[in-house]
Amino acid sequence: MAEPVLQISNLVKSFGALRATDDVTLDLYPGEIHALIGPNGAGKSTLIHQICGTHAPNSGTIRFMGEDITQLGVAARARKGLGRTFQISSIAPEFSALRNVMLAVQARQGSSFRFFKPVRSDKSLTEPAMAALERVGLASRATLPVAELSHGERRQLEIAIALALGSRAFLLDEPMAGMGPEGSRALTSFLADLKQEAPILLVEHDMDAVFALADRISVLVYGKIIATGSVEDIRRDPAVRTAYLGDHD
Amino acid sequence: MTAALAIEQLLNGLQLGVMLFLMAAGLTLIFGVMGLINLAHGSLYMVGAFACAAVASLTGSFWLGLIASLAAAAAAGAIIEVLVIRRLYSRDHLDQVLATFALILMFSEGTRWVFGSFPLYLNIPSSLQGAVSLPGGAQYPAYRLAVIAAGGLIALGLAALITRTRLGIRIRAGENDREMIGALGVDIRTLYTVVFALGAALAGFAGALVGALQSVQVGMGEPVLILAFVVIVIGGIGSIKGAFLAALLVGVVDTMGRFLLPHLLATVLPPSEAGTIGGSASSMLIYIMMAFILAFRPRGLFAA
Amino acid sequence: MISREWTVNAALALALLAAAIAAEAAGQVFYITLATRIAILGLAATGLNLALGLGGLVSFGHAVFFGIGGYAAGILGSHAFSGDPMIFGLEGSNSMPLIWLVAALAAAVAGVVIGVISIRTSGVYFIMITLAFAQMLYYFAISWPAYGGEDGLSIFVRNAFPGVNTMKPLSFFLICFGALMAGIAILAVLRGSRFGSALDVVRQNEVRAAAVGINPFPVKLTAFVLSAMITAVAGALYADLNRFVSPSMMSWHMSGELIVLIILGGTGRLFGPMAGAALFVLIEHNLGELTERWQFFLGLILLVTVLFARGGVLGFLAGKVRHG
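Conventions and cut-offs
- Residues numbered from 1 in each chain as written.
- Chains lettered and ligands numbered in written order.
- Predicted model: local features only at pLDDT ≥ 70, side-chain atom pairs only at ≥ 80, totals over all residues.
- UniProt positions renumbered as here; feature names shortened; annotations may be inferred.
- Helix = DSSP H or I, 4+ residues; strand = E, 2+ residues; numbered from the N terminus.
- Rg over C-alpha atoms; globule rule 2.2 N^0.38 Å.
- Buried ≥ 20, exposed ≤ 12 C-beta atoms within 10 Å, placed from the backbone.
- Contact = placed C-beta atoms within 7 Å.
- Pairing = 2+ DSSP bridges.
- Axes fitted to C-alpha atoms, helices over the stretch in contact; angles between N-to-C directions.
- Expected span 1.5 Å × (residues − 1).
- Bend = angle between axes of the 7 residues up to and from the residue.
- Parallel < 35°, antiparallel > 145°, perpendicular 65-115°, else oblique.
- Left-handed = near helix turned anticlockwise from the far one by under 90°.
- Nonpolar A, V, L, I, M, F, W, Y, C, P; charged D, E, K, R; others polar.

Under an unreviewed UniProt entry, the name given to chain B is Branched-chain amino acid ABC transporter permease, and the organism recorded is Roseibium litorale. UniProt annotates chain B under Sequence similarities (unreviewed entry) with the comment "Belongs to the binding-protein-dependent transport system permease family. LivHM subfamily." Per UniProt, chain B carries the Subcellular location (unreviewed entry) text "Cell membrane".

What follows is the structure, encoded as structure tokens:
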């Protein structure tokens, strides 16, 4: 099997007496969607925060593309290609969709300290940004301020930003949240394509989407991974049924 | 340099420290509960001093003046809270800075309007005139000792208020979770006005006490305000305990620095240069201390 | 298409220029001085606008950079006048371009030191820490007797600019006006550049900026230092205008006023600081003639602007801010 793109080993994070992340080991291979599910309060957000670098773990390591990134900051991880979308859409609200994506292109090129050339007419920024917006189906809305986009469109914009960053792995935090049925269907088929480009670690509450998309599922309960396996394995796993699926359905 | 002189300076430092605490306690409480940065806190200090001086000269009683300072500052605080400040809680810090900066201009000019441009003088009450002999033979003004004691008592009282009383519980609830005090059935608007007036009263009280040591004049609150900012930044914004310890630290370091640095430098430099450089360096000392503390603890010593 | 905002901007700039020229024609030197004050304060606030308006860094200590610029002009100029060498045997100079360079570099050094410590914090801490650092240098200026201490330092002859007689009020105004326009142009270019985009996103959403790979700290620090440099050049001009520099240029009132200028003019606008400076100087002059208590009314106007009219002058004249 190929090397994992993202490899999380024995990660521990405690807040006082609470072990929010309890010896978590998780990996993500090229071409797959690995879904992370778990009841509310299971520690999914805490885990995401450690993967993208906003929280430091107490112990354990995170390797990305074979490199130990446990000590790197958020911005450095993003530049290495760890693309993240947010649970609560938090894009630069005063900018247009296009300028939001242009920023990601700019960050990817590593060139925020250029002081003279105007960005509006800079084709090396606008063209890749438009291409990313086209891929997610937002090209016609490119010049609108983000504040005027619908909830679902902001989700698409988040993904366009992650695309423009040239991400080598996507960390999607509840991309389906707040989407209508039609939007969810469209996004599901888009993500099925997207995984060919870079693997996806998908945190999602929408079980239909998870079961439709995931190649593997890990179940997080009270900070521990209680099971990892294929959709069928997880459906059958008795521990998962009692701990999670049982009281969810 | 004698031990007696050093003790005197140390007590002066403590006296400055407790006064800074009275200012800083209100600032940090208002920030902790309402999330508001109030530049006009120094104006409330000035209001207290003017009220005390005016009432003391009318009635001849410093003590009535002191009561007036509490009442006037609390009333001024409550009025500006209702008219202006409560519109600012939901605004960003920039708006808060500007609006309270505007209040300073209005308070300063308004005070000049009422009392004129000349400083007022406030006499130390006769019962506290004279000096007290300290162990070691030093003489220290009784009034200053009383100020230190009053400040210390107020600090204790404030600690008891916050930890023991119903108002204190509400204040702490407000610091932790604004929705929770609503759930407790507390009228938040009234609570905010009360907290603001309490902070104002502490500032006014400090102004009155210091007014008897210096002259009472427009602008007297501003240097104290900035020192109080240094105090709450060092102590950790929102922390009363941090404010208390940082106030004493700033008071003592500032006073002792001004006293000791020229002496220390005089051992290596000619006297005139030692005086000049020591004077300049000691005026910067607490800011340098602040920079050092922040370099290691960006949110202060006792950040909430 | 020329937008309404740019029409208003051009009209404001031309009005200031025209006012000074008309005052010269009418022999009213005092009004040229007022116009010069507007230009200089406008430039100082334009510098602050880079940190505050574009970067969201509410520096309450920018007067310190204004004062550093003022002392650069005063110290270099007084040594050139007396012929005494400065520290390390360096010669003084009365050449404005050299003074501006020294002012900007000195402010850059101070800006890096202050910025590195204060930008690690945010929100209300940042406001108070910048204020405290400014206060520190203010007290230093007061207690350091070599250049006048609390009494300040007089500049006996206004510093010189190649090919211009700076003692003529209109000539000096034109230098200041040119500097203001250059400052605004610098901000316009920065705002449209990659750096400006990065700074803008850091202001709007710092977490997001980091998530796309833009590290906020160096972006903010750079903006803070550039901002300090522009404000320092304005400080040098201000010292030359008054032919006097004193610690009061560094006082926290001055820091507050610089923020006030931006808000009066309208936040997030290129010409906001200039419009604010014009309004401020006019209020000061006209109210000052009507009543001794003009500061009370200035406070009232400011309070009403903050509470009810956040758009400032340009919000009134040119409509809401538009972003692309």
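The rest of the description comes next.
Novice: Could you clarify how one ought to interpret the overall build of chain B in this entry?
Specialist: If you tally the helices and strands in chain B, you get 11 helices and 2 strands. Along chain B, from the amino end to the carboxyl end, the secondary structure elements read α-α-α-α-β-β-α-α-α-α-α-α-α. Relative to the 2.2 N^0.38 estimate, which gives 19 Å for 304 residues, the radius of gyration of chain B is 20 Å and therefore close to what a compact globule would have. Projecting the C-alpha coordinates of chain B onto the three principal axes gives extents of approximately 65 × 50 × 35 Å. Counting the 304 residues in chain B, one finds 50% classified as buried. Considering only contacts in chain B between residues 6 or more positions apart, those separated by 24 or more positions represent 76%.

Novice: Would you explain the overall build of chain C in this entry?
Specialist: When its secondary structure is counted, chain C shows 13 helices and 2 strands. Here the C-alpha atoms of chain C give a radius of gyration of 19 Å, agreeing with the 20 Å that 2.2 N^0.38 yields for 324 residues. Dimensions along the principal axes, computed over C-alpha positions, put chain C at roughly 55 × 50 × 40 Å. In chain C, which comprises 324 residues, the proportion classed as buried is 59%. Within chain C, counting contacts between residues at least 6 apart in sequence, those at least 24 apart form 76% of the total.

Novice: Please clarify how the sheet that holds strand 1 (residues 6–15) of chain A should be interpreted in this entry.
Specialist: Whether parallel or antiparallel, the strands of a sheet pair through hydrogen bonds between backbone atoms. Residue and element names in this part refer to chain A. With antiparallel pairing, 4 strands are arranged side by side in an open sheet as 2-1-4-5. Sheet topology places strand 2 (18–28) and strand 5 (67–68) at the edges, where each strand pairs with a single neighbour. For strand 4 (residues 59–64) and strand 5, the ladder comprises 2 bridges, and the chain directions are antiparallel. Opposite Phe64, over in strand 5, you have Glu67 as the bridge partner. Most of the contacts of helix 1 (residues 44–52) go to strand 2, to which it runs at about 60°, and overall it touches strand 1, strand 2 and strand 4.

Novice: Hey, could you run me through the UniProt feature "transmembrane region" (unreviewed entry) in chain B in this one?
Specialist: All names here are of chain B. Within the UniProt annotation, "transmembrane region" (unreviewed entry) is assigned to residues 16–37, 44–64, 70–89, 101–122, 142–162, 190–213, 225–253 and 274–296. In the segment residues 70–89, helix accounts for 70% and strand for 0%; the C-alpha atoms at its two ends are 25 Å apart. The span residues 225–253 carries 86% helix and 0% strand; its end-to-end C-alpha distance comes to 17 Å.

Novice: What is the right way to read the interface of chain B and chain C from this model?
Specialist: Bring the parts together and some accessible area is lost; that lost area is often taken as the interface size. If you look at the interface, chain B gives 34 residues, while chain C gives 36 residues. For the side of chain B that touches chain C, the elements supplying multiple residues, two or more each, are helix 4 (93–115), helix 9 (221–235) and helix 11 (271–296) of chain B. Ranked by the residues each element gives to the side of chain B that touches chain C, the list is headed by helix 4 of chain B, at 14 residues.

Novice: Quick question: what am I supposed to make of the interface of chain C and chain A here?
Specialist: Every contact between the two is made by 22 residues of chain C and, on the other side, 34 residues of chain A. Only helix 6 (169–192), helix 7 (194–204) and helix 8 (206–211) of chain C provide two or more residues apiece to the side of chain C that touches chain A. Broken down by element, the residue count for the side of chain C that touches chain A peaks at 6 residues, all from helix 7 of chain C.

Novice: What should I look at first to understand helix 10 (residues 240–266) of chain B in this one?
Specialist: At 3.6 residues per turn, the α-helix brings residues three or four places apart onto the same side. With 27 residues, helix 10 of chain B should cover 39 Å at 1.5 Å per step; its first-to-last C-alpha distance of 39 Å lies within 8% of that length. Of all bends in helix 10 of chain B, the biggest is about 35°, found at Gly257 of chain B.

Novice: Would you take a moment to explain the pairing of strand 9 (residues 216–221) of chain A for this structure?
Specialist: All names here are of chain A. Looking at chain direction, strand 3 (residues 33–37) and strand 9 are connected through 4 bridges and run parallel. When the sheet's bridge partners are listed, His34 is paired in strand 9 with Arg216. Here 5 bridges tie strand 9 to strand 10 (residues 224–229), and the two strands are oriented antiparallel to one another. Within the sheet, the bridge partner assigned to Ser218 lies in strand 10 and is Thr228. Here strand 9 folds back onto strand 10 in antiparallel fashion, the turn holding 2 residues, of which Tyr222 has a positive phi close to 50°.

Novice: I would appreciate a short explanation of the environment of Lys168 of chain C in the present structure.
Specialist: Residue and element names in this part refer to chain C. Structurally, Lys168 can be placed in the loop between strand 1 (153–154) and helix 6. Classification of Lys168 as partly exposed rests on a count of 14 C-beta atoms within 10 Å. With 139 residues separating them in the primary sequence, Lys168 and Val29 have C-alpha atoms 9.5 Å apart.

Novice: Hey, could you run me through the packing of helix 11 of chain B against helix 5 (residues 123–143) of chain C in this one?
Specialist: In a pair of packed helices, the angle between the axes and the distance between the axes together describe the arrangement. Contact geometry for helix 11 of chain B and helix 5 of chain C: axes closest at 8 Å, N-to-C directions at 160°. As summarised for this structure, helix 11 of chain B and helix 5 of chain C are arranged roughly antiparallel, according to the angle between their axes. Two packed elements cross with a definite hand, and for helix 11 of chain B against helix 5 of chain C that hand is left-handed. From helix 11 of chain B, Gly279, Ser280, Ser283, Met284, Tyr287, Met290 and Leu294 of chain B reach across to helix 5 of chain C, where they touch Ile129, Ala132, Phe133, Gln135, Met136, Tyr139, Phe140 and Ser143 of chain C. Here the contact of helix 11 of chain B with helix 5 of chain C is built from residues that sort into 10 nonpolar, 5 polar and no charged.

Novice: Got a minute to help me understand the sheet that holds strand 10 of chain A in this structure?
Specialist: All names here are of chain A. Judged by pairing direction, the sheet is mixed, and its 6 strands sit side by side in the order 6-7-8-3-9-10 without closing on themselves. The sheet is open, and its two edges are formed by strand 6 (82–85) and strand 10, each paired on a single side. Within this sheet the neighbouring strands show an average axis-to-axis angle of 15°, counted without direction. Lying on the sheet, helix 5 (residues 151–164) is in contact with strand 6 and strand 7 (169–173); it crosses strand 6 at an angle near 170°. Set on the sheet, helix 6 (residues 181–197) makes contact with strand 3, strand 7 and strand 8 (200–203); between it and strand 8 the angle comes to about 145°.

Novice: What exactly am I supposed to notice about the environment of Ala72 of chain B here?
Specialist: All names here are of chain B. Topologically, Ala72 is positioned in helix 3 (residues 62–83). Given 25 C-beta atoms within 10 Å, Ala72 falls into the buried group. In the structure, Ala72 is positioned 41 residues away from Trp113 in sequence and 17 Å away in space, judged by C-alpha atoms. The contacts of Ala72, once residues within four sequence positions are left out, are Val47, Gly48, Ala51 and Gly204.

Novice: For this particular structure, what's the right way to read helix 10 (residues 252–265) of chain C?
Specialist: Residues and elements named next belong to chain C. Here helix 10 contains 14 residues, and its C-alpha end-to-end distance of 20 Å stays within 8% of the 20 Å for a straight helix at 1.5 Å per residue. Among the 14 residues that make up helix 10, 13 are buried, leaving the element largely enclosed by the rest of the structure. Gly266 sits one or two residues past helix 10 and shows a positive phi near 125°.

Novice: Before we go on, may I ask you to explain the arrangement of the chains in this structure?
Specialist: The top pair by number of contacts, from a total of 2 pairs of chains in contact, is chains B and C. One finds no contact between chain A and chain B; the C-alpha atoms of the two approach each other to within 16 Å at their closest.

Novice: Before we go on, may I ask you to explain unusual backbone geometry in this structure?
Specialist: The phi angle of most residues is negative, glycine excepted, and most peptide bonds adopt the trans form. The phi angle at Asp23 of chain A is positive, at roughly 55°, despite the residue not being glycine. Mapping Asp23 of chain A onto the fold places it in strand 2. The phi dihedral of Arg243 of chain C is positive, around 50°, even though this residue is not glycine. Mapped onto the fold, Arg243 of chain C is located in the loop between helix 9 (216–242) and strand 2 (244–245). Judged by C-beta crowding, with 17 C-beta atoms within 10 Å, Arg243 of chain C ranks as partly exposed.

Novice: Please clarify how the packing of helix 2 (residues 29–54) of chain C against helix 11 (residues 272–290) of chain C should be interpreted in this entry.
Specialist: All names here are of chain C. Contact geometry of helix 2 with helix 11 gives a least axis separation of 7 Å together with a crossing angle of 135°. As summarised for this structure, helix 2 and helix 11 are arranged oblique, according to the angle between their axes. Here helix 2 and helix 11 pass one another in a crossing that is right-handed. Facing Leu34, Arg37, Ile38, Leu41, Gly42, Ala45, Thr46, Asn49 and Gly53 of helix 2, the residues of helix 11 in contact are Gly272, Pro273, Met274, Gly276, Ala277, Ala278, Phe280, Val281 and His285. Taken together, the residues of the contact of helix 2 with helix 11 sort by class into 10 nonpolar, 7 polar and 1 charged.

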